[in-house]
Amino acid sequence: MEYLDFELPIKELEEQLDKCMVIGEESDVDVTETCKQIEKKLQETRKDIYKNLTAWQRVQLSRHPNRPYTLDYINAICGDTFLELHGDRNVKDDKAMIGGLGKIGDQSYMFVGQQKGYNTKTRQYRNFGMANPEGYRKALRLMKSAEKFGLPVVCLIDTPGAYPGIEAEERGQGEAIARNILEMTRLKVPIIVVIIGEGASGGALGIGVGDKVLMLENTWYSVISPESCSSILWRSWEYKEQAADALKLTATDMKKLKLIDEIVREPVGGAHSNRDKTFEIVKNKISTRYEELKKLSPKDLVKSRMDKYANMGVFNG
């Protein structure tokens, strides 16, 4: 397990607990009471730390190297029923954007999401979760297939942004994202969006238009990352913590601004601390939201989705 700087008190207590248990096993000394005290202190410290997280600390948690990625969620939720589909029928298959068919119970869904890598090799293979235009065109192709067969769409967002390279711009990165936003507003099937990690810029918006948008507790959603914002405003990355506060990018801020529909609580310690529980929570949320949305006719679905986004940012002075 890797620890972030603010998690070091937890690391120390866990190490103390391990040592205490080893002493108990290797000697005749009864350390039960001491272990209980350390466990109690560990639980209290965990609660205190995760109850009072700053915006920047949530950004750090969203990038935690042990945090589950899109394919982890899909494989846990769908099991053997997931069938990955490839290619945009135009340029190539973008490895940073994955998608395919999968089942939750008896209901089939079309899953789409950005995938990051676990080590240097897979990060390069997945382009660090930064999709090219063909990734967004692949996503749109799959969504259109879902519409054709009357299947709901689930989008899992976890990206530091769309790929900003010159070749991506030459192939129409801006147009691909804009096209997706337009087409997703009028897709005639339910769309459920879950932000499971980083939700940065147009890279997130390219698959982020939904009837219901859910955010895991320790994720962020913003037009720009705190580091980039800091480098633009202060010409330095040193002010990233101030930028994170000012950007109002946490799930709580997003809910307050009515830009998302629900905050999904994570196990204490973040999604990576209890993966199975996190997968179960997300799976249940998707099923519950679909049960609500399937009652609407395609016409009502599109109308309510368009109204929802048209009302964002409306200010009554």
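Above this text is the structure in question.
Below you will find a few notes about this structure.

So, on to the side chain of glutamate 134. With respect to the helices, strands and loops of the structure, glutamate 134 is situated in helix α6 (residues 133-148). Assessed through its relative accessible area of 0%, glutamate 134 is described here as buried. A polar atom in the side chain of glutamate 134 sits 2.9 Å from the side chain of arginine 171. The residues contacting glutamate 134, other than those within four sequence positions of it, are Asp88, Val91, Lys92, Asp94 and Arg171.

This paragraph deals with the packing of aromatic side chains. Remark: the centre distance and the inter-plane angle together describe each pair of aromatic rings, the angle taken between the planes. Under the defined criterion, the tally for this structure stands at 5 aromatic pairs. Aromatic pair tyrosine 69 and tyrosine 118: ring centres 5.3 Å apart, planes at 45 degrees, arrangement tilted. Pair noted here: tyrosine 69 is in the loop between α3 (55-62) and α4 (70-78) and tyrosine 118 is in the loop between β3 (107-114) and α5 (120-125), with a separation of 49 residues, a long-range link. Note on tyrosine 73 and phenylalanine 279: the rings are 5.1 Å apart at their centroids and 80 degrees apart in plane angle, and the pair reads as edge-to-face. Taken together, the residues span a long stretch of sequence, with tyrosine 73 in helix α4 and phenylalanine 279 in helix α13 (residues 275-293) at a distance of 206 residues.

This paragraph deals with helix α10 (residues 226-233). Residues three or four positions apart in an α-helix share a direction because the helix packs 3.6 residues into each turn. Taken as a whole, α10 has its buried residues at Pro226, Glu227, Cys229 and Ser230. Take α10 and look down its axis: the buried residues cluster within an arc of 165 degrees, on one side only. Looking at the buried residues of α10, the elements they touch are α3, β7 (220-222) and α11 (240-247). Looking one or two places after α10, you find arginine 235, whose phi comes out positive at around 55 degrees.

On the surface, Ile232, Leu233, Trp234 and Tyr239 cluster together into a nonpolar patch covering about 400 Å² of accessible area. Turning to its location among the elements, tryptophan 234 is positioned in the loop between α10 and α11.

Below, the discussion takes up the pattern of salt bridges. By the definition in use, this model includes 25 salt bridges. Note that arginine 289 is salt-bridged to glutamate 292, the shortest N-O span being 3.2 Å. Of this pair, arginine 289 and glutamate 292 both sit in helix α13, 3 residues apart, roughly one helical turn. Relative accessible area serves as the criterion here: at 37%, glutamate 292 is assigned to the partly exposed category.

Look at helix α1 (residues 8-26) against helix α2 (residues 32-51): their axes get within 10 Å of each other, and the N-to-C directions meet at 165 degrees. In terms of orientation, α1 lies roughly antiparallel with respect to α2. Here the hand of the crossing between α1 and α2 comes out left-handed. Of α2, the residues touching α1 (which contributes Pro9, Ile10, Leu13, Glu14, Gln16, Leu17, Cys20 and Met21) are Thr34, Cys35, Ile38, Glu39, Lys41, Leu42, Thr45, Arg46, Ile49 and Tyr50. Grouping the constituent residues of the contact of α1 with α2 by class yields 11 nonpolar, 3 polar and 4 charged.

With that out of the way, let us pick up the nonpolar core. Val112, Tyr136, Met143, Val153, Cys155 and Ile207 are the most contacted members of the largest nonpolar core, which totals 33 residues. Of all the secondary-structure elements, those providing two or more residues to this core are β3, α6, β4 (153-159), α8 (173-185), β5 (191-200), β6 (212-216) and α12 (251-256). Ranked by the residues each element gives to this core, the list is headed by α6, at 5 residues. Counting 25 residues, the second largest nonpolar core, distinct from the first, contains Tyr109, Val194, Phe279 and Tyr290.

With that settled, the discussion passes to the pairing of β5. Across the 10 residues of β5, 10 count as buried, placing the element largely inside the fold. Here 6 bridges tie β4 to β5, and the two strands are oriented parallel to one another. Note on β5: the bridge partner recorded for valine 153 is isoleucine 191. In this sheet, β6 lies alongside β5 in parallel orientation, the contact comprising 4 bridges. Bridge pairing in β6 links isoleucine 192 to lysine 212. With 3 bridges connecting them, β5 and β7 associate as parallel partners. Bridge assignment links alanine 200 to a residue of β7, and that residue is serine 222.

Thresholds, definitions, all that
- Residues numbered from 1 in each chain as written.
- Predicted model: local features only at pLDDT ≥ 70, side-chain atom pairs only at ≥ 80, totals over all residues.
- Heavy atoms only, no water.
- Helix = DSSP H or I, 4+ residues; strand = E, 2+ residues; numbered from the N terminus.
- Buried < 20%, exposed > 50% of the residue type's maximum accessible area, 1.4 Å probe, protein only.
- Polar contact = N/O pair within 3.5 Å; in protein donor to acceptor, adjacent residues only side chain to side chain.
- Contact = heavy atoms within 4.5 Å.
- Phe/Tyr/Trp six-rings, centres within 6.5 Å; stacked < 30°, edge-to-face > 60°.
- Arc of directions from axis to C-beta.
- Patch = residues over 30% accessible without salt bridge, like charges linked within 9 Å, V, L, I, M, F, W, Y side chains within 5 Å.
- Areas by Shrake-Rupley, 256 points an atom, 1.4 Å probe, with all protein chains shown as cover.
- Salt bridge = Lys/Arg side-chain N within 4 Å of Asp/Glu carboxyl O.
- Axes fitted to C-alpha atoms, helices over the stretch in contact; angles between N-to-C directions.
- Parallel < 35°, antiparallel > 145°, perpendicular 65-115°, else oblique.
- Left-handed = near helix turned anticlockwise from the far one by under 90°.
- Nonpolar A, V, L, I, M, F, W, Y, C, P; charged D, E, K, R; others polar.
- Core = buried A, V, L, I, M, F, W, Y, C linked by side-chain atoms within 4.5 Å.
- Pairing = 2+ DSSP bridges.

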